[in-house]
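Survey of secondary and tertiary structure
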Amino acid sequence: MNLNNLLDAASFSAKSLKFPNSWVGHLPFASWIMKEVSPKIFVELGTHSGNSYFTFCQSVVEGGLSSKCYAIDTWLGDEHAGHYSDEVFLALMIIIRSTMLVFRD
Ligand SMILES: C[S@@+](CC[C@H](N)C(=O)[O-])C[C@H]1O[C@@H](n2cnc3c(N)ncnc32)[C@H](O)[C@@H]1O
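Position numbers for residues start from 1 in each chain and track the written sequence from start to end. In keeping with the predicted nature of the model, local features appear solely for residues at pLDDT of at least 70, side-chain atom pairs appear and are counted solely at 80 or more, and the whole-chain, interface and lining totals rest on all residues.

A closer look at the overall build of the chain
Per the convention used, a helix needs a DSSP run of H or I reaching at least four residues, while a strand needs a run of E reaching at least two, with both numbered from the N terminus. In terms of helices and strands, the chain carries 4 helices and 4 strands. Along the chain, helices and strands appear, N-terminal first, in the series α-α-β-α-β-β-β-α. Our radius of gyration looks at C-alpha atoms and nothing else; its globule reference is 2.2 Å times the residue count to the power 0.38. Relative to the globule expectation of 13 Å for 105 residues, the C-alpha radius of gyration of the chain, 14 Å, shows essentially globular dimensions. Any two residues are considered in contact once their C-beta atoms, placed from the backbone, lie within 7 Å. For the chain, the proportion of contacts with a sequence separation of at least 24, taken over those separated by at least 6, is 72%.

Quick word on the site of the ligand
Each residue gets a C-beta atom placed from its backbone. Should that atom fall within 6 Å of a molecule or strand, the residue is termed near it. As a structural note, the neighbourhood of the ligand is formed by 17 residues, with Trp23, Gly46, His48, Asn51 and Ser52 the closest of them. Of all the elements in the fold, those that place two or more residues in the shell around the ligand are helix H3 (51–62) and strand E3 (77–78). For the shell around the ligand, the per-class residue count stands at 5 nonpolar, 10 polar and 2 charged. Residues are grouped as follows: Ala, Val, Leu, Ile, Met, Phe, Trp, Tyr, Cys and Pro are nonpolar; Asp, Glu, Lys and Arg are charged; every other residue, Gly included, is polar.

Focus: the nonpolar core
Note on terminology: a nonpolar core is any set of buried Ala, Val, Leu, Ile, Met, Phe, Trp, Tyr and Cys residues joined through C-beta atoms within 7 Å. To sort residues by exposure, count the other C-beta atoms lying within 10 Å of each residue's C-beta; 20 or more gives buried, 12 or fewer gives exposed, and values between give partly exposed, all with C-beta atoms placed from the backbone. Counting residues in each nonpolar core, the largest one holds 9 residues, listed as Leu27, Ala30, Met34, Tyr53, Phe54, Phe56, Cys57, Val60 and Ala71. Sorting the residues of this core by element identifies helix H2 (27–37) and H3 as the ones contributing at least two each. Considering every element that reaches this core, the biggest residue donor is H3, with 5 residues.

All quantities given are derived from atomic positions and should not be read as evidence of function.
As structure tokens, this is what we get:
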């Protein structure tokens, strides 16, 4: 285990946060495990508005990793997250397009 990754995670600050905030408490862990494992390919199942997904992406950039990150969701919601409209997916696409240059390297 890399102790610097643990210290970085303790002070992790997300650059993109959207409603809902149900996963925000897990973001430091998400950041830590991404840097610790440094996968070639990362696939998130259940992205919703992107809080966890963008944390993984941000950690790839900040950690200088070369992981390719994919987001999968129906973007319809479920019984736990609640059902939601296309606006969630459209808002996610706007963030992806506006941050593409940052995330691409
Ligand atoms: C709790 S939310 C995910 C929270 C998210 N990771 C975050 O950071 O806020 C669960 C998501 O899983 C999605 N989902 C549920 N079942 C799914 C399935 N079979 N295939 C794809 N996505 C699914 C829902 O649409 C919902 O957006």
